[in-house]
Amino acid sequence: MRRALVLLGIALATLSATPAVAAPEDVANDISSRVMSPYCPGVTLHDCPSEAAARLRARIIGWAEQGMSRAEIIERLEDEFGTSVRATPPARGIGLLAWVLPAAAVIAGLGLAWLLITHWKRRAPRVAAAVSARDHERVAQALEAFRNRP
């Protein structure tokens, strides 16, 4: 019990610790890997080689240096380029379906598998074959003949 309390105390202390302030370049790299490039279709802003993308990454660094949070910067990018700039859908509104449906499909698949397995187990024949004394004798003779062959 005492050990559990100590571990709980350590976990709470770790969770409540004030996070270190990230450098603006780190914030910009994180954001540019979370948004799609408006200049290179199908590529994140982080991986887009165009000059316009480099300028946008520099603007993001400037916004981070001004003290804007990640959420504020992403919101500003959405205002400028639309909601399709996000690499992943938001976990709210209709975007929540993109997060919930795969989990629901996995749970439904596991449930279906469990039902099928229990159904097949009930249908499987459970009759053990009875072996007569005559069959035992025939097997013993066959083994003996196998062992004595040249």
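Residues numbered from 1 in each chain as written. Predicted model: local features only at pLDDT ≥ 70, side-chain atom pairs only at ≥ 80, totals over all residues. Heavy atoms only, no water.

Got a minute to help me understand the packing of helix H2 (residues 24-34) against helix H4 (residues 70-81) in this structure?
The relative placement of two packed helices is expressed as an angle between their axes plus a distance between the axes. Close contact between H2 and H4 brings their axes to 11 Å; oriented N to C, the two are set at 50°. In this view, H2 runs oblique relative to H4, as classed from their interaxial angle. Relative to H4, H2 is oriented so that their crossing is right-handed. Between H2 and H4, the residues in contact are Asp26, Val27, Asp30 and Ile31 and Arg70, Ile73, Ile74 and Leu77, respectively. Residue composition of the contact of H2 with H4, grouped by class: five nonpolar, no polar and three charged. (Axes fitted to C-alpha atoms, helices over the stretch in contact; angles between N-to-C directions. Helix = DSSP H or I, 4+ residues; strand = E, 2+ residues; numbered from the N terminus. Parallel < 35°, antiparallel > 145°, perpendicular 65-115°, else oblique. Left-handed = near helix turned anticlockwise from the far one by under 90°. Contact = heavy atoms within 4.5 Å. Nonpolar A, V, L, I, M, F, W, Y, C, P; charged D, E, K, R; others polar.)

Can you walk me through the packing of H2 against helix H3 (residues 51-65) in this structure?
Packing of H2 against H3 leaves a shortest axis separation of 8 Å and a crossing angle of 130°. By the angle between their axes, H2 is oblique relative to H3. As for how H2 packs across H3, the hand of that crossing is right-handed. Where H2 abuts H3, its residues Pro24, Glu25, Val27, Ala28, Ile31 and Ser32 lie against Arg57, Ile60, Ile61, Ala64 and Glu65.

Which parts of the structure should I look at to understand the state of the cysteines?
Note on terminology: disulfide describes a covalent bond linking the sulfur atoms of two cysteines. Counted according to the given criterion, the structure contains one disulfide. Residue Cys40 pairs covalently with Cys48 via a disulfide, S to S 2.1 Å. Because the sign of the S-S torsion sets the handedness, a value of about 55° for the bond joining Cys40 and Cys48 places this disulfide among the right-handed ones. (Disulfide = S-S within 2.5 Å.)

Looking at this structure, how should I read the confidence of the model for the chain?
Caution applies to low-pLDDT regions: their predicted coordinates should not be interpreted in detail. Predicted confidence across the chain gives a mean pLDDT of 83, with 83% of residues reaching 70 or more. Put simply, helix H1 (residues 2-16) is where the chain has its lowest mean pLDDT, 62, and H3 is where it has its highest, 91. (pLDDT = per-residue confidence, 0-100.)

It is not clear to me how a nonpolar patch on the surface should be interpreted in this structure. Could you clarify?
Residues Leu112, Leu116, Ile117 and Trp120 make up a contiguous nonpolar surface patch of roughly 410 Å² in combined accessible area. You can see Trp120 is positioned in helix H5 (residues 96-123). (Patch = residues over 30% accessible without salt bridge, like charges linked within 9 Å, V, L, I, M, F, W, Y side chains within 5 Å. Areas by Shrake-Rupley, 256 points an atom, 1.4 Å probe, with all protein chains shown as cover. Salt bridge = Lys/Arg side-chain N within 4 Å of Asp/Glu carboxyl O.)

Sorry, what's going on with the nonpolar core here?
The nonpolar side chains of a soluble globular protein tend to be buried with one another. Within the largest apolar cluster, 17 residues are counted, with the highest numbers of intra-cluster contacts made by Ile31, Val35, Leu45, Ile60, Trp63, Ile73 and Leu77. Elements that contribute at least two residues to this core include exactly H2, H3 and H4. The element contributing the most residues to this core is H3, with five residues. Contact partners of Val35, with chain neighbours within four places excluded, come to Thr44, Leu45, Ile74, Leu77, Val85 and Ala87. (Core = buried A, V, L, I, M, F, W, Y, C linked by side-chain atoms within 4.5 Å. Buried < 20%, exposed > 50% of the residue type's maximum accessible area, 1.4 Å probe, protein only.)

Would you explain the pattern of salt bridges in this entry?
Side chains bearing opposite charge may pair, as long as their charged atoms lie close to each other. In total, this model carries five salt bridges according to the counting rule given. In this structure, the salt-bridge partner of Arg70 is Asp30, at a minimum N-O distance of 2.7 Å. One end of the pair, Arg70, is in helix H4; the other, Asp30, is in helix H2, and 40 residues separate them in sequence. By relative accessible area, which is 36% here, Arg70 ends up partly exposed. One salt bridge in this structure joins Glu80 and Arg59, with 2.6 Å as the shortest N-O distance. In this pair, Glu80 sits in helix H4 while Arg59 sits in helix H3, placing the two residues 21 residues apart along the sequence. Accessibility expressed as a relative area gives 39% for Glu80, which makes it partly exposed. Accessibility expressed as a relative area gives 33% for Arg59, which makes it partly exposed. Sharing partners across several salt bridges, the network here consists of Asp30, Arg34 and Arg70.

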